[in-house]
Amino acid sequence: MKSKVHSKLLAGIAALAMLGTSLPVVSASAQTAPFDSVRGVYSYARDLKAVAPSVVKVIVLGQKEGERSGQEGEDPFRGQSAAQRRPAQGTPQPIGSGSGVIIDAARGEILSNNHVVEKGTAFKIQLYDGRVVDAEVVGRDPQTDIALLRVKASGLRAIQLGDSGSIEVGDLAFAIGYPFGFDQTLTMGVISGLGRTGIGDGLQDFIQTDAAVNSGNSGGALIDSRGRLIGINTAIWSKSGDNSGIAFAVPINMAIAVADQLRRNGSVKRGRIGVSVGPVTAEVAGSGSTRGALVAEVSPDGAAARAGLRPGDIITSADGRTIEGPGNLTAILGVLEPGKTIALGYRRGGQSGTAQVTVEAPRPVQVQRPPSGSAQGLAALGATFRDVNASDRLPAQVRGAVVASLQPNSPAARSGLQTGDVIVGVNGEQVRSAAELARAFQNIAGGAVLFVARGNSLIQLRLER
């Protein structure tokens, strides 16, 4: 066994040497694989040491004994004695921990995940040098799973931001965080995929990597081989709950756009362009590609209609970025503020075009509570719903209302819903169970826009009651 391992190690070193001129650049001046001539080893240590102080541990405090944050299983005070762990009576207790990334040293701003902090009542940040300081949540956005925190501390070091729009599958990637409450941990892999959707709730346009990410890594940094931040680690795909080589990160371009709004407004203001989109089926594509987002509906007086988009158009790009499916487009539009203009490339009848669409402020939803005793709720939709269960074989992050049955020609069937679809949102509000779906429809008098997880895509369907 030892000789086999030794042989594999030598083979790996030989492969690195052969590929030296084509490996990604580690520093601005390096043009070959990073080699430490003093120790005689290939290593990224020198360049990554500059990144380490920018990645911190987020300690989540709360009042309820035994309640955990979104990061189950990790111990925020691993290694401390029982006496050291015991809080003063009446003070918040540690209920979990995650990771965070310093993006602005002067402001003391730290990016993390919404699901790391959402159950906390108070927060502390453990800095790389061992200091523990109080933190406040500036704002959080469940739709993108991004949270912005702020600390008052000296000697902070902000990470260098990369451009997630320029990364490619096959690029080296490193994940840095605090898994299971351990001290800062670095893992290495590659970019395995881009534009991933259908992983859970909310707006999704994930970077996929095989760099090991585990519980506690959430909110930590995904960086390129030059130490630039390209994503915020947020989720894994695993049947056991531990790393299985598939992890997902929020692209840094999206995260920074969200952070900018959280800094200014404390929340994210989302606009609309007046379209509903779905997947491009083989029947619709014909001999063309099934990639893109099919425009299913266009509001007659909306921004998309004024820009010339029509039902049946296939949106193929947004500001030059290729659209793989409706989930990508929804995520891109979902972080644009009213007043922003975006160039949408589309196909129509074999011809290509571009529409300049200006995002509008959302229109208020007309809410009317039905009179007591009247026919209401889900029964009138012609469908039955249930909660997600283990037999659905969905990622642990996916929560919603599963379509259990459909009546032909019912409102639910006419909307395009299919048995097995998971409704995760109604009119932009998150739905986590069949009961939440029922409550949502009690307060909606007319139609609704459903956010539906189907396969690996998140689509929108228009439901008329």
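Residues numbered from 1 in each chain as written. Predicted model: local features only at pLDDT ≥ 70, side-chain atom pairs only at ≥ 80, totals over all residues. Heavy atoms only, no water.

### Observations concerning the overall build of the protein chain
Here comes step 1: On a plain count of helices and strands, the protein chain comes out with 10 helices and 26 strands.
Here comes step 2: The long-range fraction of contacts in the protein chain, counting pairs at least 24 apart against all pairs at least 6 apart in sequence, stands at 60%.
Here comes step 3: Of the accessible surface of the protein chain, which amounts to about 22100 Å², a share of 51% is contributed by carbon and sulfur atoms. (Helix = DSSP H or I, 4+ residues; strand = E, 2+ residues; numbered from the N terminus. Contact = heavy atoms within 4.5 Å. Areas by Shrake-Rupley, 256 points an atom, 1.4 Å probe, with all protein chains shown as cover.)

### Notes on helix 8 (residues 326-333)
Here comes step 1: Of all the eight residues making up helix 8, eight are buried; the element is thus mostly covered by neighbouring parts of the structure.
Here comes step 2: Burial in helix 8 covers these residues: Pro326, Gly327, Asn328, Leu329, Thr330, Ala331, Ile332 and Leu333. (Buried < 20%, exposed > 50% of the residue type's maximum accessible area, 1.4 Å probe, protein only.)

### Some remarks on the packing of aromatic side chains
Here comes step 1: Taken as a whole and judged by the stated rule, the model has three aromatic pairs.
Here comes step 2: Plain terms: the ring middles of Phe206 and Phe248 are 5.9 Å apart, the flat faces sit at 40 degrees to each other, and that makes the pair tilted. Of this pair, Phe206 sits in strand 11 (residues 206-209) while Phe248 is found in strand 14 (residues 247-251), placing the two residues 42 residues apart along the sequence.
Here comes step 3: For Phe248, a relative accessible area of 3% puts it in the buried group. (Phe/Tyr/Trp six-rings, centres within 6.5 Å; stacked < 30°, edge-to-face > 60°.)

### A few points about the pairing of strand 6 (residues 122-126)
Here comes step 1: Here strand 3 (residues 55-62) runs beside strand 6; their pairing, made up of five bridges, is antiparallel. Each residue of the ladder has a partner; that of Lys57, found in strand 6, is Gln126.
Here comes step 2: When strand 6 meets strand 7 (residues 132-141), the two strands line up antiparallel, connected through four bridges. In the sheet register, Ile125 faces strand 7, and the bridge partner there is Val133.
Here comes step 3: Following strand 6, the chain reverses through five residues before pairing antiparallel with strand 7; Gly130 in that reversal takes a positive phi of roughly 100 degrees. (Pairing = 2+ DSSP bridges.)

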